[in-house]
Structures are given as C-alpha cells and as structure tokens.
Amino acid sequence: MSLDEISIKPHDALAAYLAADMEAVNVLIRERMASEHAPRIPEVTAHLVEAGGKRLRPMLTLAAAHLCGYDGPYHVHLAATVEFIHTATLLHDDVVDESGQRRGRPTANLLWDNKSSVLVGDYLFSRSFQLMVETGSLRVLDILANASATIAEGEVLQLTASQDLATTEAIYLQVVRGKTAALFSAATEVGGVIAGADDAQVQALFDYGDALGIAFQIVDDLLDMSGDQNAIGKNVGDDFREKKLTLPLIKAIAKADAEERAFWVRTIEKGRQEDGDLEHAIALLHKHGALEDTRLEALAWADKAVAAIGQLPEHPVRDMLREIAGYVVARIN
C-alpha cells in the first residue's frame with residue numbers, strides 16, 4: 001500500500017464508523033477538562049486536544065470494544081481516559097524535549113510556560129484515573145495504571161539511553177515499548193476487557209496494539225531523518241538536534257568506522273553540533289543503509305499487527321484495523 005493508492009484513509013473510515021461514539025468521547029473530554037478554579041487548565045488542554053490530531057488511540061479502544069460486541073457505556077469513558085493520558089504525556093514531553101512545535105502549531109509550553117504544561121499534564125493524569133475508576137473494573141484500572149507507569153519508565157530510560165552510543169536496538173525497543181506502544185496496547189486491550197472478551201481475544205488485541213505502536217514510532221523516527229517538514233508537522237532532524245539516538249542512528253553507529261564514530265561522539269554524546277552536521281548525519285545513514293533497514297523493520301512490525309488482528313472474529317472494524325496497520329507504514333513505502 002502506498003499513499004497514492006489510498007482514496008479514503010483507514011483512520012478516517014474508522015472515525016466515520018465510530019462517529020457517534022467519538023462525539024460522546026469529545027463531549028466527555030470537554031466536560032472533564034473543565035476547571036471551575038483554574039481557567040488555564042481548559043485553555044492549555046484545548047490547545048492540544050483540539051489541534052486536529054487523529055485521535056487514533058481512543059478510536060482503538062472504541063474499535064476493540066465494538067469488535068468484541070460491547071453494548072455498554074464505559075468504552076466511551078475508557079477512550080477519553082486514553083486520550084487524557086496521551087495528552088498529558090505530550091504536554092510533559094514537549095517540556096522535556098524543549099519542543100517549539102507539535103502538529104504544525106506552537107507547543108503549549110511555548111505559548112504559556114513550562115510550569116503550566118507540567119501542571120496541566122498532572123491534572124489530566126488525575127482526570128484519567130477518575131474516568132477509569134468509574135468503569136468499576138479493577139482489571140481495566142490495573143491495565144491503564146501499569147501503562148501509565150510504563151510510559152513514564154520509558155521516558156526516563158530514554159533520558160539515559162538517548163545520548164549513550166552503547167545503546168542497542170534492544171534498549172531502543174524497550175524505550176519504544178514504554179513511551180509509545182504501551183498506550184496503544186493498553187487502548188486495545190481495555191476495549192476487549194470491558195467487552196468481556198475471552199483471554200485469547202484480549203491477548204490478540206494487546207499484541208495488535210503493541211506491534212502497531214512500535215511500527216508507529218519507528219516510522220516517526222525514520223521520517224524525522226528522511227521526511228518532509230510540511231508532511232510530518234515538525235522540523236526534519238529534531239531528534240538529531242535533541243541528541244536522541246533513534247533506530248536509524250543506532251543502525252548507522254553499529255557500522256561506523258573510527259572517523260564516523262568520532263562524529264557521533266561529538267554530535268550525540270557530547271552534544272557539540274555545528275552547521276552541516278545534520279546533513280552529514282543523513283549522508284551516513286544513507287551510506288550504511290540505515291534508513292532502508294529501519295523501513296523494513298517498521299514494515300515487519302506492521303505485519304505482526306496484521307497477523308494479530310487476524311485472530312479476531314470477522315467484523316468490519318477488524319478490516320479497518322488491518323488497514324490502519326498498513327497505513328501507518330504507507331508513508332514510508
């Protein structure tokens with residue numbers, strides 16, 4: 001699948017199918033992000049929540065619940081929970097990364113300040129826990145609480161691993177499983193759990209979300225070093241400038257000679273970057289085939305997601321989820 005071959009984007013088709021539920025989620029989000037005493041909370045939250053994101057993670061929760069035959073109200077609560085956790089992590093991430101742009105718009109920390117971003121993120125985490133408790137399911141609470149802890153753990157691991165040239169692909173995968181895939185897999189898993197699906201189906205939903213999240217992050221890291229700024233909504237090379245060891249860099253460093261390794265030590269480990277370093281880094285990625293190897297790895301994870309979803313019952317949503325896995329990697333085909 002390539003982007004040119006797609007007339008209706010799979011996530012748009014899923015959004016249309018889930019339109020009534022997503023409207024209920026949006027109503028609940030607007031209701032729960034309100035604050036009687038601190039008007040900055042809805043101001044900051046609305047800036048990010050209403051920035052035109054795909055809302056893929058909450059849609060995954062709704063889709064999993066539909067796929068497993070759920071007809072109760074709490075998939076809406078869980079979808080809003082997932083979106084609040086995601087928004088909170090974005091607010092915190094932009095402070096940690098000192099980012100100035102997200103989804104093509106100025107970040108909240110740039111428009112307001114770091115303190116507001118961190119504290120509003122904390123508020124959204126608290127709101128997310130209130131929402132998940134309302135479902136009355138301890139298993140759901142356990143899954144989402146563990147995911148929240150795993151996300152934070154992945155971010156902290158990235159702090160220590162991202163500038164260490166000894167970081168391996170296994171450590172990179174651990175970081176990605178934490179900071180990105182944990183919420184994807186929790187989003188799909190809780191949809192199955194709230195619907196009362198059997199253990200095999202819940203495991204298949206978890207495996208789908210895990211593989212989709214990993215593919216999603218690898219594609220993001222690849223496009224950071226090879227994409228178009230207008231298409232990806234941020235500056236090309238941001239990860240390099242932030243001294244982050246992503247998968248393409250890890251692959252190139254593994255094949256580096258002494259001179260190339262000295263370049264990586266200076267630019268990543270020591271953080272001393274000069275004009276032209278980004279272009280030289282991209283040239284080294286091409287030289288060692290790191291971009292193509294990364295692309296193939298993303299495709300392999302997308303295939304794992306497709307295989308996992310194939311274990312679930314026939315349903316229009318199942319077909320849409322399969323197509324979403326293909327679409328995630330379509331940008332790099």
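Data block above holds the structure.
Chemist: Sorry if this is basic, but what is going on with helix α7 (residues 114-133) here?
Modeler: Owing to its 3.6 residues per turn, the α-helix aligns residues three or four sequence positions apart on the same side. For α7, with 20 residues, the first-to-last C-alpha span of 29 Å sits near the 28 Å given by 1.5 Å per residue. Listing the buried residues of α7 in full gives S116, S117, V120, G121, Y123, L124, F125, S128, L131 and M132.

Chemist: Could you clarify how one ought to interpret the environment of G237 in this entry?
Modeler: Structurally, the position occupied by G237 is in the loop between α11 (229-232) and α12 (238-241). Each C-alpha atom, one on G237 and one on L223, is 8.9 Å from the other, the two residues being 14 residues apart in sequence. When neighbours within four sequence positions are excluded, G237 is seen to be in contact with D224, M225 and L278.

Chemist: Whenever I open this one, the packing of helix α10 (residues 199-226) against helix α16 (residues 290-309) confuses me. Can you help?
Modeler: How two helices sit against one another is set out by the angle between their axes and by the gap between those axes. It is at 8 Å that the axes of α10 and α16 come closest, and there the two elements cross at 160 degrees. When the interaxial angle is binned, α10 and α16 end up roughly antiparallel. Here α10 runs over α16; the crossing is left-handed. Along the lines of polarity and charge, the residues of the contact of α10 with α16 split into 17 nonpolar, two polar and five charged.

Chemist: Looking at this model, I keep getting lost on the environment of F263. Mind explaining?
Modeler: Assignment of secondary structure puts F263 in helix α14 (residues 258-269). For F263, a relative accessible area of 8% translates into the label buried. Separated by 14 residues in the primary sequence, F263 and D277 have C-alpha atoms spaced 8.7 Å apart. Setting aside chain neighbours within four positions, we find F263 in contact with F240, D277, H280, A281 and L284.

Chemist: How do you make sense of unusual backbone geometry when you look at a structure like this?
Modeler: Generally, phi is negative for residues other than glycine and the peptide bonds are trans, each holding for most cases. One non-glycine residue, K243, adopts positive backbone phi at about 60 degrees. Tracing the sequence through the fold places K243 in the loop between α12 and α13 (247-254). Here K243 falls in the partly exposed class, since its relative accessible area comes to 23%.

Chemist: Please explain the pattern of salt bridges as it appears in this structure.
Modeler: Close approach of charged atoms lets side chains of opposite charge pair. Tallying each qualifying case throughout the model produces 16 salt bridges. Here R139 ties to D199 by a salt bridge, and the two come within 4.0 Å at their closest N and O atoms. Of this pair, R139 sits in helix α8 (residues 138-161) while D199 sits in helix α10, and the two are 60 residues apart along the sequence. Across the salt bridge formed by E274 and R266, the nearest N and O atoms sit 3.7 Å from each other. When its relative accessible area of 18% is taken as the criterion, R266 is described as buried. In this structure, a network of salt bridges that share partners links the residues E31, R32 and E134.

Chemist: Whenever I open this one, the packing of aromatic side chains confuses me. Can you help?
Modeler: Geometry of an aromatic ring pair is reported as the spacing of the ring centres plus the angle between the planes. With the rule as written, the count across this model stands at two aromatic pairs. On the basis of an interplanar angle of 45 degrees and a centroid distance of 5.3 Å, the ring pair of F184 and F216 is categorised as tilted. One end of the pair, F184, is in helix α9 (residues 169-194); the other, F216, is in helix α10, with 32 residues separating them in the sequence. Here the aromatic rings of F263 and W264 are separated by 5.2 Å at their centres, their planes lie at 65 degrees, and the arrangement is edge-to-face. A relative accessible area of 1% means that W264 is categorised as buried. The ring centre of F216 lies 5.5 Å from the NZ or CZ of R57, which sits over that ring. Its end group placed over the ring of W301, K304 keeps NZ or CZ at 3.8 Å from the ring centre.

What counts, and at which threshold
Residues numbered from 1 in each chain as written. Predicted model: local features only at pLDDT ≥ 70, side-chain atom pairs only at ≥ 80, totals over all residues. Heavy atoms only, no water. Helix = DSSP H or I, 4+ residues; strand = E, 2+ residues; numbered from the N terminus. Expected span 1.5 Å × (residues − 1). Buried < 20%, exposed > 50% of the residue type's maximum accessible area, 1.4 Å probe, protein only. Contact = heavy atoms within 4.5 Å. Axes fitted to C-alpha atoms, helices over the stretch in contact; angles between N-to-C directions. Parallel < 35°, antiparallel > 145°, perpendicular 65-115°, else oblique. Left-handed = near helix turned anticlockwise from the far one by under 90°. Nonpolar A, V, L, I, M, F, W, Y, C, P; charged D, E, K, R; others polar. Salt bridge = Lys/Arg side-chain N within 4 Å of Asp/Glu carboxyl O. Phe/Tyr/Trp six-rings, centres within 6.5 Å; stacked < 30°, edge-to-face > 60°. Lys NZ or Arg CZ within 6 Å of the ring centre and 35° of its normal.

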